[in-house]
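Tertiary structure, described
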Amino acid sequence: MPPDISFTPDNDLYKNRDTLFEDYTPDTIVGRDTELEQYHEALQPVINGERPSNIFLYGKTGVGKTAATKFLLDRLQRDADQYDVDLTVIYLNCEDLSKSYQIAVKLVNELRDPSDQISETGHPGYKVYEYLWDELDAVGGTILVVLDEVDNIGDDDSILYQIPRARSNEHITNAKVGIIGISNDLSFRDNLSAKVRSSLCEKAISFPPYDAPELQDVLQQRADTAFHDDALADDVLPLCAAYGAQDAGDARKALDLLREAGDIARAADADHVHDHHVEKARDKLEREEVMDGIADLAEHQQLTLYALATFEGDDETPVSSSTVYDRYQSLCHYIGSDPRSARRVRDFLKELADLSITARTPQNEGLSGGKYHDHDLKHDLETVVVAMADLVDYVGVHEGIEDVVRSSDEIVLSSDIDATLSPD
Ligand SMILES: Nc1ncnc2c1ncn2[C@@H]1O[C@H](COP(=O)(O)OP(=O)(O)OP(=O)(O)O)[C@@H](O)[C@H]1O
């Protein structure tokens, strides 16, 4: 008989938890006054009925570029209606679109009736642009094309050049088209060819990371809609904001932390969310992030990490790059894979440290010992081994991690652990 499981609503802490998610658009944007002012000014020609400027927004992830865009374009659309300005806004996320051709097809289809769509492949490039110019002119008025994550477009025949020049090249005569490009790749603008840069970046607006007081404003605004009054202890928002500021001033992460803390408090049947819930939430999110980072590593990077993990299991860390390399070679030997060079493995170790998966400390033993780096895991051994369980399953369990594999509920291997690999 299954146990008698039932569900009852539990909304003692949350008033509207959904507002802590990414897809919720807040009514106002806080903490971005300077950027909103610049952005507002850059959009002003639209409401004057003039040719729109091409605008480029850049800044690290989670600093409000998309939120500010949606907020301002909503307002602009509302006011355009009031002042009889014929405005059409098309929003496109370029995450999976790396070619100008794909963007052009998407735009044509956005502008066309659903019954009259073109296929995603098989048209000559010039033809797709012809369709696009026809559609833009048919819509007419002012058209703003928002290209979020614009840095994914990686070709020379750039639509980022074609659209801004379409009017002067007499491809379109009716519509006035402006591009709003959004990017979190800070080197993207510098790497654009001069001609694309000058068309796309007529108005460039930088979004810096949030500092702790700005993040606290963002969190406070969201907490007011998400939680009941008094649900949060006084130190919760300052703590989430401080962690968010440490995490590159990313509002998305700070909001995730607040929601996770709320969930942990709710699961514990707490009357309030306290700082210890925030600390637990932070550990959990950090662990998930590290695990995702490890799962994304290439095979030989993971083998390098596996080699280091075996020393951690034997309490022998920190260890030098050459010690890790010897163990790495043994692991390669077990699976019959050609080891990468010692230099390459030193690069892997540096990358692991850059990803905050390991700690890398320079050592200098003077003339006798020379300079080298020591390495250590930055997270507990079980987290690391769980994250690379598929590789451990494939290579076999090394003695150094045997205890943790045996004691962990989260590591399920397809074969017997008895067949452990010897130290080297
Ligand atoms: N100033 C703000 N006021 C209210 N909410 C904000 C603010 N800034 C960011 N947010 C919220 O934080 C999250 C991330 O913001 P947003 O998507 O705008 O960042 P972004 O800079 O576009 O990041 P990415 O480059 O990763 O797309 C969203 O949920 C957004 O609503």
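Given the structure is predicted, the values throughout are model-derived calculations rather than measurements.

Here's the deal with the overall build of the protein chain
Check the secondary structure of the protein chain and you find 18 helices and eight strands. Expressed as a percentage of the 424 residues in the protein chain, the buried residues total 37%.

Structural notes on helix α9 (residues 236-246)
Turning to α9, its buried residues number three or more, namely V236, L237, L239, C240, A241, Y243 and G244. Each element contacted by the buried residues of α9 is listed here: α8 (212-226), α10 (251-267) and α11 (275-295). Positive backbone phi, at 65 degrees, marks A248, one or two positions downstream of α9.

Let's talk about the sheet that holds strand β2 (residues 87-93)
Strand order across the open sheet formed by five strands is β2-β3-β4-β1-β5, with parallel pairing between neighbours. For this open sheet the edge positions go to β2 and β5 (203-206), each flanked by a neighbour on one side alone. The mean angle between the axes of side-by-side strands here comes to 15 degrees, regardless of whether they run parallel or antiparallel. With seven bridges connecting them, β2 and strand β3 (residues 142-148) associate as parallel partners. Note on β3: the bridge partner recorded for V89 is L144. Strand contacts of helix α1 (residues 33-47): β1 (55-58), β2, β3 and β5, with the helix running at about 160 degrees to β5, the strand carrying the most contacts.

What to know about the site of the ligand
The environment of the ligand is formed by 20 residues, the closest being T61, G64, K65, T66 and A67. Of all the secondary structure elements, the ones that give two or more residues to the shell around the ligand are α2 (65-82), α8 and α10. Split into classes, the residues belonging to the shell around the ligand amount to eight nonpolar, eight polar and four charged. Inspection of the shell around the ligand shows a minimum of three residues originating in each of domain 1 (32-206) and domain 2 (210-293).

Describing the sheet that holds strand β8 (residues 371-377)
Strand order in the open sheet formed by three strands is β6-β8-β7, with antiparallel pairing between adjacent strands. The open sheet terminates on both sides in strands that have one partner only, identified here as β6 (319-320) and β7 (358-364). Sheet strands in contact with helix α12 (residues 299-313) are β6, β7 and β8, and its direction is about 75 degrees off that of β8.

What to know about the packing of α9 against α11
Between α9 and α11, the shortest axis-to-axis distance is 9 Å and the interhelical angle comes to 25 degrees. It follows that α9 is roughly parallel to α11 by the angle criterion. For the crossing formed where α9 meets α11, the hand is right-handed. Residue-level contacts link V236, L239, C240 and Y243 of α9 to D275, V278 and R282 of α11. Of the residues in the contact of α9 with α11, the class split is five nonpolar, no polar and two charged.

Quick look at the UniProt feature "binding site: ATP" (unreviewed entry) in the protein chain
UniProt records the feature "binding site: ATP" (unreviewed entry) for V63, G64, K65, T66, A67, Y210 and R222 in the present numbering. A residue is classified by how many C-beta atoms lie within 10 Å of it, and G64, with 25 of them, is buried. Dropping the residues within four chain positions of it, G64 is found in contact with I29, R32, F207 and A251. Its place among the elements puts R222 in helix α8. For R222, a count of 22 C-beta atoms within 10 Å translates into the label buried. Other than its neighbours up to four places away in sequence, R222 contacts T19, L20, P26 and L255.

The rules behind these values
Numbers given for residues are sequential positions, taken from 1 along each chain in its written order. The model is predicted, so local features are restricted to residues of pLDDT at least 70 and side-chain atom pairs to those at 80 or more, both for listing and for counting; the totals for chains, interfaces and linings are taken over all residues. Helical segments are the DSSP runs of H or I of at least four residues, strand segments are the runs of E of at least two, and each set is numbered from the N terminus. Exposure criterion: with C-beta atoms placed from backbone coordinates, a residue whose C-beta has 20 or more other C-beta atoms within 10 Å is buried, one with 12 or fewer is exposed, and one in between is partly exposed. Contact between two residues is assigned whenever their backbone-derived C-beta positions fall within 7 Å. Pairing between two strands is assigned when DSSP locates at least 2 bridges connecting them. All axes here are fitted lines through C-alpha atoms, helices being fitted over the stretch that makes contact, and every angle between N-to-C directions spans 0 to 180 degrees. The C-beta atom of each residue is placed using the backbone, and any residue whose C-beta lies within 6 Å of a molecule or strand is treated as near it. Residue type decides the class: Asp, Glu, Lys and Arg count as charged, Ala, Val, Leu, Ile, Met, Phe, Trp, Tyr, Cys and Pro as nonpolar, and the leftover types, Gly among them, as polar. The domain limits used here are those given by an automatic or database domain assignment. When an angle is under 35 degrees it counts as roughly parallel; over 145 it counts as roughly antiparallel; between 65 and 115 it counts as roughly perpendicular; any other value is oblique. Rotating anticlockwise by less than a right angle from the far helix to the near helix defines a left-handed crossing, while the corresponding clockwise rotation defines a right-handed one. UniProt positions are given in the numbering used here, feature names are shortened, and annotations may be inferred rather than shown by experiment.

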